[in-house]
Amino acid sequence: MSELTQRLVGFIQDNLVLDGDDIEVDEKTPLLVSGLLDSLRTARLLNFLRKDVGVPIPAAKLDPENFRDVATIVAMVRELESV
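Rules behind the numbers
Residues numbered from 1 in each chain as written. Predicted model: local features only at pLDDT ≥ 70, side-chain atom pairs only at ≥ 80, totals over all residues. Heavy atoms only, no water. Helix = DSSP H or I, 4+ residues; strand = E, 2+ residues; numbered from the N terminus. Buried < 20%, exposed > 50% of the residue type's maximum accessible area, 1.4 Å probe, protein only. Lys, Arg positive; Asp, Glu negative; His and termini not counted. Salt bridge = Lys/Arg side-chain N within 4 Å of Asp/Glu carboxyl O. Polar contact = N/O pair within 3.5 Å; in protein donor to acceptor, adjacent residues only side chain to side chain. Contact = heavy atoms within 4.5 Å. Expected span 1.5 Å × (residues − 1). Core = buried A, V, L, I, M, F, W, Y, C linked by side-chain atoms within 4.5 Å. Phe/Tyr/Trp six-rings, centres within 6.5 Å; stacked < 30°, edge-to-face > 60°.

**Q** Explanation requested: the side chain of Arg41 in the structure shown.
**A** Considering the arrangement of structural elements, one finds Arg41 in helix 2 (residues 39-53). Buried and unpaired, Arg41 has no salt bridge, with Asp38 as the nearest side chain of opposite charge at 4.2 Å. Among the polar contacts listed, one links the side chain of Arg41 to the backbone oxygen of Leu36, at a separation of 3.3 Å. When sequence neighbours within four positions are dropped, the list of residues in contact with Arg41 reads Leu16, Leu18, Gly35 and Leu36.

Put into structure tokens, the structure is as follows:
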């Protein structure tokens, strides 16, 4: 698991999983289907990516397909880093 994957999994587990939810996040956890990402949590995730990872996500990339799971988010971030 890459460092970015570990950081994202840790952030989501610590900041987006509600107390009492019995969800263990990994790189393939379905974030939208599981209800982990709603509008507020997505904003928190985007802020984390911008501030802590250093990769702002442009509006054109705000497609649910890019936020299916941690693996797809990492792929999107890697693509944006290479631009």
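What follows continues from the structure just given.
**Q** Help me understand helix 2 in this model?
**A** Helical geometry: 3.6 residues make up each α-helical turn, so side chains three or four residues apart lie on a common side. Compared with the 21 Å implied by 1.5 Å per residue over 15 residues, the 20 Å span of helix 2 between its first and last C-alpha is a close match. Taken together, the buried residues of helix 2 touch helix 1 (3-15) and helix 3 (70-81). One side-chain oxygen at the N-terminal end of helix 2 lies 3.2 Å from the backbone nitrogen of Leu40; it belongs to Asp38. The first or second residue beyond helix 2 is Gly54, which carries a positive phi of 85 degrees.

**Q** Help me understand the nonpolar core, please; the structure alone is not making it clear to me.
**A** Generally speaking, a soluble globular protein has its nonpolar side chains buried in company with each other. Judged by nonpolar contacts, the single largest core of 24 residues is most densely connected at Leu8, Leu45, Leu49 and Ile73. If you list the elements that add at least two residues to this core, you get helix 1, helix 2 and helix 3. Non-local contacts of Leu8, meaning those with residues more than four positions away in its chain, are made with Leu45, Phe48, Leu49, Val70, Ile73 and Val74.

**Q** Where do I start with the packing of aromatic side chains in this structure?
**A** How two aromatic rings sit relative to each other is set out by the distance from centre to centre and by the angle between their planes. Enumeration according to the criterion identifies 1 aromatic pair in this entry. Centre to centre, the rings of Phe11 and Phe48 are 4.2 Å apart; their planes meet at 15 degrees, and the pair counts as stacked. Taken together, the residues span a long stretch of sequence, with Phe11 in helix 1 and Phe48 in helix 2 at a distance of 37 residues. Summarising the burial analysis for this pair, Phe11 and Phe48 share the class buried.

Shape is all these values report; function is a separate question.
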